[in-house]
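What the coordinates show
Read off the chains here:
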Amino acid sequence: DVGLARALPEGGTHITTQVSGTPGFIDQYYQTTHHFDASCDGFSFGVVLLMLLTGRQTHEGGEILNEFCMGRGADVLRDFSCGWPLSVAEEVLSVAQKLIMIPRRDRITIPEARRRLEAAAAAHAANPPGQGGAVERECIICWAPPTVRFGCGHSFLCAADACLGAWLAEHKPCPHCGAAVEQGQIEQGAHVAQQDTFVAPPR
């Protein structure tokens, strides 16, 4: 689905073909005009980025991925089980949105998308969480001290609505052991941040 633009003749702006590709990755412009250019490649790449960020398919639960992501921020869209750093997730979402946006003239190019993604990765590598006096363990969403422990014995979130609330709303399992996370089996308090990531639950 990504790469057809390589067939463009030197100096050409687009090629005209029969529509081909995987549903969900095909730019609407290409579907209606049969004209394929570099921005159509970018659209497909943007959809791939959204799939990586959210962990969702292009069509899931009766919703199209592009539409599902509209109006939602990276703090709730990112696949928590992958441990996306928020700053990186925000840039991935921004890049993806710029690749698929309408009107097409406002889209960024794939080389520009690559530069932005590489810059975000480099910035995160240069300033990893947990440095500069931060506590050793952090909430996997906002990097605050993890003040919540679940029934499985693992702690990985703080009690903020954007973290614990979002996790419960999405019915996400524990990223460490895959156990279901249930409201009634939550221990909260500052003492949790001073304990190990895993504390065996009482029998």
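So, here is what we can say about the structure in this document. Quick caveat: nothing in here was measured; it's all calculated off a predicted structure.

Below, the discussion takes up the packing of aromatic side chains. Each aromatic ring pair is specified by the distance between its two centres and by the angle formed by the two planes. Across all of its chains, the model carries two aromatic pairs by this definition. Here the aromatic residues Phe150, Phe156 and Trp167 are joined through ring pairs into a cluster of three or more. Of note, Arg56 hangs over the ring of Phe68, and the distance from its end group to the ring centre comes to 3.7 Å. We note Arg72 situated over the ring of Phe68; from NZ or CZ to the ring centre the distance is 4.2 Å.

Before going further, it helps to examine the packing of helix α2 (residues 38-54) against helix α5 (residues 86-100). α5 packs onto α2 with a crossing angle of 150° between their chain directions and a minimal axis gap of 7 Å. For the element pair α2 / α5, the angle class is roughly antiparallel. As for the relative orientation of α2 and α5, their crossing is left-handed in sense. Contacts from Ser39, Gly42, Phe43, Phe45, Gly46, Val47, Leu49, Leu50 and Leu53 of α2 reach α5 at Ala89, Val92, Leu93, Val95, Ala96, Leu99 and Ile100.

Attention shifts here to helix α7 (residues 161-170). Here α7 has its buried residues at Cys163, Leu164, Ala166, Trp167 and Leu168. Next to the buried residues of α7 lie α4 (74-77), β5 (148-149), β6 (155-157) and β7 (187-188).

Here the focus is α5. Along its 15 residues, α5 runs 21 Å from first to last C-alpha, staying within 8% of the 21 Å computed at 1.5 Å per residue. Turning to α5, its buried residues are Val88, Ala89, Val92, Leu93, Val95, Ala96, Leu99 and Ile100. Burial along α5 is one-sided: seen end-on, the buried residues are contained in an arc of 165°.

Moving on to the pattern of salt bridges. Two side chains bearing opposite charge may form a pair once their charged atoms approach each other closely. Enumeration over the complete set of coordinates arrives at seven salt bridges. Glu118 is the salt-bridge partner of Arg114, the closest N and O atoms lying 3.0 Å from each other. Of the two residues, Arg114 and Glu118 both sit in helix α6 (residues 110-126), four residues apart, roughly one turn of that helix. Glu118 sits in the partly exposed class, given a relative accessible area of 44%. Here the salt bridges share partners, and the residues they tie into one network are Asp27, Arg104 and Arg107.

Cut-offs and rules
- Residues numbered from 1 in each chain as written.
- Predicted model: local features only at pLDDT ≥ 70, side-chain atom pairs only at ≥ 80, totals over all residues.
- Heavy atoms only, no water.
- Phe/Tyr/Trp six-rings, centres within 6.5 Å; stacked < 30°, edge-to-face > 60°.
- Lys NZ or Arg CZ within 6 Å of the ring centre and 35° of its normal.
- Axes fitted to C-alpha atoms, helices over the stretch in contact; angles between N-to-C directions.
- Helix = DSSP H or I, 4+ residues; strand = E, 2+ residues; numbered from the N terminus.
- Parallel < 35°, antiparallel > 145°, perpendicular 65-115°, else oblique.
- Left-handed = near helix turned anticlockwise from the far one by under 90°.
- Contact = heavy atoms within 4.5 Å.
- Buried < 20%, exposed > 50% of the residue type's maximum accessible area, 1.4 Å probe, protein only.
- Expected span 1.5 Å × (residues − 1).
- Arc of directions from axis to C-beta.
- Salt bridge = Lys/Arg side-chain N within 4 Å of Asp/Glu carboxyl O.

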